[in-house]
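Survey of secondary and tertiary structure
Here is what each chain is made of, one letter per residue.
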Amino acid sequence: MRRSLRLRNREDFNRIYRGGKSFANSQFVVYWSRQRIADPFRLGVSASKKIGNAVMRNRMRRMVKEIVRHLEDRVQPHTDLILIVRKPATTMSMKEMEKSVIHVLKKAGLLK
């Protein structure tokens, strides 16, 4: 995923958590808000210590970023979004995770 498409600042995360909307399924939670400067979109991935050690958390973050990279042309423009990984996602294959991410993004209305 390109560096320009990443959310990194705590202020951005807090702004989206406070003022954004959220949707969830059993594996992922998505928080999102519209932002004019996000072109085409910006993504942050969060994986807490509850899902496993550092190796597992980083693996999940890499997998989610790769899935969203493939969906890049389908995501609504001018959107900041945060995907939070839940524990059940750690046992899924890449294909199952992709279906789950697509499901939660469709539920939030973030896919074209």
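Report follows, based on the coordinates. (Residues numbered from 1 in each chain as written. Predicted model: local features only at pLDDT ≥ 70, side-chain atom pairs only at ≥ 80, totals over all residues. Heavy atoms only, no water.)

A full pass over the atoms with the stated rule returns five salt bridges. The residue Glu66 makes a salt bridge to Arg69 at a minimum N-O spacing of 2.7 Å. One end of the pair, Glu66, and the other, Arg69, are both in helix H2 (residues 54–70), three residues apart, so they sit about a helical turn from each other. The class for Glu66 is partly exposed, based on a relative accessible area of 27%. We classify Arg69 as partly exposed; its relative accessible area is 35%. Salt bridges sharing partners connect three or more residues here, namely Asp12, Arg15, Arg42 and Asp80. (Salt bridge = Lys/Arg side-chain N within 4 Å of Asp/Glu carboxyl O. Helix = DSSP H or I, 4+ residues; strand = E, 2+ residues; numbered from the N terminus. Buried < 20%, exposed > 50% of the residue type's maximum accessible area, 1.4 Å probe, protein only.)

On to the sheet that holds strand S4 (residues 79–85). With mixed pairing, four strands are arranged side by side in an open sheet as S1-S2-S4-S3. In the strand order of this sheet, the two ends are held by strand S1 (21–24) and strand S3 (41–47), each with one partner. Taken pair by pair, the neighbouring strands of this sheet meet at an average axis angle of 20°, ignoring direction. In this structure, S1 lies alongside strand S2 (residues 28–34), joined through four bridges in antiparallel fashion. Each residue of the ladder has a partner; that of Lys21, found in S2, is Trp32. Against the sheet, helix H1 (residues 10–19) contacts S1, S2, S3 and S4, and its axis sits at roughly 90° relative to S4. Each of S1, S2 and S4 is contacted by helix H3 (residues 94–108), which is oriented at about 40° to S2, the strand it contacts most. (Pairing = 2+ DSSP bridges. Axes fitted to C-alpha atoms, helices over the stretch in contact; angles between N-to-C directions. Contact = heavy atoms within 4.5 Å.)

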